Amino acid sequence: MRMSRAWLAVLFSLIAGCPSEPAPEDAFVVAIDAPGLDAPGLDAPMPTSPDAPGLDAPGLDAARDDAPPGLDAWELVREIDAARTTIEGCEEGLPVGDLVRTCVPFPTGVQQYDVPRVEDSFDRAPPPMGTTFDDVYTPRRGECSVRQHDRYWVRARNGHVYRTWHPPSEPADVETGLPCTYGHEHGNDPRSSPLYTWAGGIAFGITGSVAPHYRHTDHTSHKVFVQNLWEAAVGNGPSDDPYYSAGFHCYWLSKVHQDTHDGFAIGNNEHEYQNNLMCDDGFARHPSGPWGASGPDRHTRASVRALTTWGRPGEFKACDGLVITPATGMGREPVSGSDTNREIKCATPEAGWLYAPLPREIVSETGHTDYARDTRGIDELWKPWMNVRTRDGHDIFVSSAYYVVRNPPRLYNPLPSAGGYLARRDWDGDGVEDDWVPTIEVCFDARTRGMAACSGVPASLASMSPEERWLHVDSPFDGTIRLIHPKGTLLANETGREHFCTSYTGQETADDPMPDGRGYYTCPEGQLLQYVASTQNLWGYGAAWGTHTEEGHVGGSMVNARMGGTQAPGYSHEWVFFFDAPGIHAPN
């Protein structure tokens, strides 16, 4: 049975979102490729539904607060059986012993995996008895209750329960029965990615929870990004390099902790990063040595997570001149040779970003979300360096994507001697004068009022106190406009293994993952399970791609660097997301 893109997206959301029995370990079964997938439009991104409140499927909302803690496994199996369908010979949701089948469709065929079910709840049940969440949600008056918020959770593959994605609003609060908003958003619904079950769900804060220093993360800054079936490109989108199709497609499900609303993240460079990537690149690669041969076992596949470094501790780049600025340092030094930084705009009267208006959402000629101007404005850039390193010192996975916020609630506020002009004060209530200032304050200072970046700011905010307006829902600086770029991803795994136990940093430990009789993998308490396919993907060197014979660097997608019908550099024409919704305000 062939299905349209829209129905595939709904199916994946339905199956992946079903609650299940506990699955504390991991299992990845070798993929099968079934050539002959012939679904029109599969080379275009699937819908991501960033604000979908949930699926309206009969029976899926039966487990409410009157249900026993946890979720009934037999009911789960019945739900999966009822929703199961066949996608080009692969039965999505098929129970296989203690595992469940998941299907990832590519133009070259369906990759099939049998993996542990994901036990989760997206407003279907309260968390299991005894659950304590580390990240705190404190609602304002009229916002969704804590009890309602707690109904979004997932049991990670380490057996512990964590918060997970929720929509920005609810049709009915479980306490009041009235519509409500949460005041913040978490990006795309991870269930809209067919990688959701394969990745074991998306658990907010799992990496910090296993760190020896227990890296606490605020809840609102967890952001999920889904990009389905994108066509990879050879070349670097934001540059003038030659640019052409690599001849293969990928799915990307990533999660970052991106705190852009206060001062804590300026000094602390450790933030959670989860990266799940699957491609059919083996078919597009020209033979180039023993690791360059095409075939089903040469595909890029990785599901990794770590407390990653973003720049150096106590340093960040600020102002349009990219000045390295010291801060109160926390975290750890990046690995040698890593390409990572954080860039924050400055509150100075001559700042270049003041002259660029905020982006507005458009649909480009290629059909993807874009924004109208090709100028860089108020950009807060986060660039991680994600690597998984074996115990003998080899990097088997390296990713250097970037994540940009175009309307952050925070600016760096330099001292007057460095061009700062706004008074410093304690904004976060910790008793210390802050070196940052709410972005909205620039719009109400006589020296910068009326600049392009402040167009559209409601005049009513002027009558409010500074403490009120920077947290107000009418402020446009709420962190909801974000763009991302995958850049290069390197797999260089010659170990013959695909599962690894690592510390919170991604460094392999002395322990090997241990499979049990069901094919599950587990790591000792306090370690992270990583999956990296046993291949060298040659994205950065040593291979030619698609119909081209020259070697090239795979560094982007064919959709994110087009402007006016031509291929061109496109910092503002990449994967652009507008996550604004009613009720959202800083901190977000």
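Because the structure is a prediction, the values reported are computed rather than measured.

The rules behind the values
- Residues numbered from 1 in each chain as written.
- Predicted model: local features only at pLDDT ≥ 70, side-chain atom pairs only at ≥ 80, totals over all residues.
- Heavy atoms only, no water.
- Helix = DSSP H or I, 4+ residues; strand = E, 2+ residues; numbered from the N terminus.
- Buried < 20%, exposed > 50% of the residue type's maximum accessible area, 1.4 Å probe, protein only.
- Contact = heavy atoms within 4.5 Å.
- Areas by Shrake-Rupley, 256 points an atom, 1.4 Å probe, with all protein chains shown as cover.
- Pairing = 2+ DSSP bridges.
- Disulfide = S-S within 2.5 Å.
- Axes fitted to C-alpha atoms, helices over the stretch in contact; angles between N-to-C directions.
- Core = buried A, V, L, I, M, F, W, Y, C linked by side-chain atoms within 4.5 Å.

A.B. asks: Sorry, what's going on with the overall build of the protein chain here?
C.D. replies: The secondary structure content of the protein chain amounts to seven helices and 35 strands. Every one of the 588 residues in the protein chain was classed for burial, and the buried ones make up 59%. Across the protein chain, every contact between residues at least 6 apart in sequence was considered, and the portion connecting residues at least 24 apart equals 74%. In the form shown here, the protein chain has an accessible surface area of approximately 21600 Å², with 54% of it arising from carbon and sulfur atoms.

A.B. asks: I'm lost on the pairing of strand β17 (residues 341-344) in this one. Help?
C.D. replies: On a regular strand, one side chain projects to one face of the sheet and the next to the other, so that they alternate. Alternating positions in β17 separate into two faces, Asn341 and Glu343 on one and Arg342 and Ile344 on the other, with burial throughout. The pairing of strand β15 (residues 315-318) with β17 spans two bridges and is parallel. Counted as the bridge partner of Lys317 is Glu343 from β17.

A.B. asks: What exactly am I supposed to notice about the state of the cysteines here?
C.D. replies: Simply put, the disulfide is a covalent bond whose two ends are the sulfur atoms of two cysteines. For the structure on display, the rule yields six disulfides. Here Cys144 engages in a disulfide with Cys180; their sulfurs sit 2.0 Å apart. Torsion about the S-S bond of the Cys144 and Cys180 cystine: about 100 degrees, corresponding to right-handed handedness. Placement of Cys144 in the loop between β6 (120-122) and α3 (146-149) and of Cys180 in strand β10 (residues 180-181) is noted, with a sequence separation of 36 residues between them. Neither Cys144 nor Cys180 differs from the other in exposure class; each is buried. For the protein chain, the bonded cysteines pair up as 1-2, 3-4, 5-6, 7-8, 9-10, 11-12 when numbered in the order they occur along the sequence.

A.B. asks: Honestly, the sheet that holds strand β8 (residues 161-163) in this entry has me stumped. Any pointers?
C.D. replies: Strands belonging to one sheet form pairs held by backbone hydrogen bonds; the direction of such a pair is parallel or antiparallel. Strand order in the open sheet formed by three strands is β6-β7-β8, with antiparallel pairing between adjacent strands. The sheet is open, and its two edges are formed by β6 and β8, each paired on a single side. Geometrically, the sheet is characterised by an average inter-axis angle of 25 degrees between neighbouring strands, direction not taken into account. In this sheet, strand β7 (residues 152-155) lies alongside β6 in antiparallel orientation, the contact comprising three bridges. Bridging from a neighbouring strand, Phe122 pairs with Tyr152 of β7.

A.B. asks: What should I look at first to understand the pairing of strand β23 (residues 402-405) in this one?
C.D. replies: Every second residue of β23 is oriented toward a common face, with Tyr402 and Val404 on one face and Tyr403 and Val405 on the other, all of them buried. Relative to β23, strand β20 (residues 380-383) is paired through three bridges, and the arrangement is antiparallel. Within the sheet, the bridge partner assigned to Trp382 lies in β23 and is Tyr403. The sheet contact formed by β23 and strand β26 (residues 481-485) spans four bridges and is antiparallel. Along β26, the bridge assignment pairs Tyr403 with Ile484.

A.B. asks: Explain the sheet that holds strand β21 (residues 386-389) to me, please; I cannot follow it from the model alone.
C.D. replies: Strands sit in the order β21-β22-β27 across an open sheet of three strands; the sheet is antiparallel. The open sheet is flanked by β21 and β27 (489-491), the only strands paired with a single partner. In this sheet, adjacent strand axes meet at a mean angle of 10 degrees when their direction is disregarded. Across four bridges, β21 lies against strand β22 (residues 395-399) in antiparallel orientation.

A.B. asks: Whenever I open this one, the nonpolar core confuses me. Can you help?
C.D. replies: Burial of nonpolar side chains together is a common tendency in soluble globular proteins. Residues Phe248, Trp252, Tyr403 and Trp545 are the most contacted members of the largest nonpolar core, which totals 76 residues. Examining the composition of this core, we find that eight residues originate from one element, strand β12 (residues 244-257), more than from any other. With 31 residues, the next largest nonpolar core counts Cys346, Tyr421, Trp427 and Cys443 among its residues.

A.B. asks: Quick question: what am I supposed to make of the side chain of Arg469 here?
C.D. replies: Within the secondary structure, Arg469 sits in helix α7 (residues 466-469). Among residues more than four places away in sequence, those in contact with Arg469 are Ile440, Glu441, Phe444, Leu461, Ala462, Met464 and Ser475.

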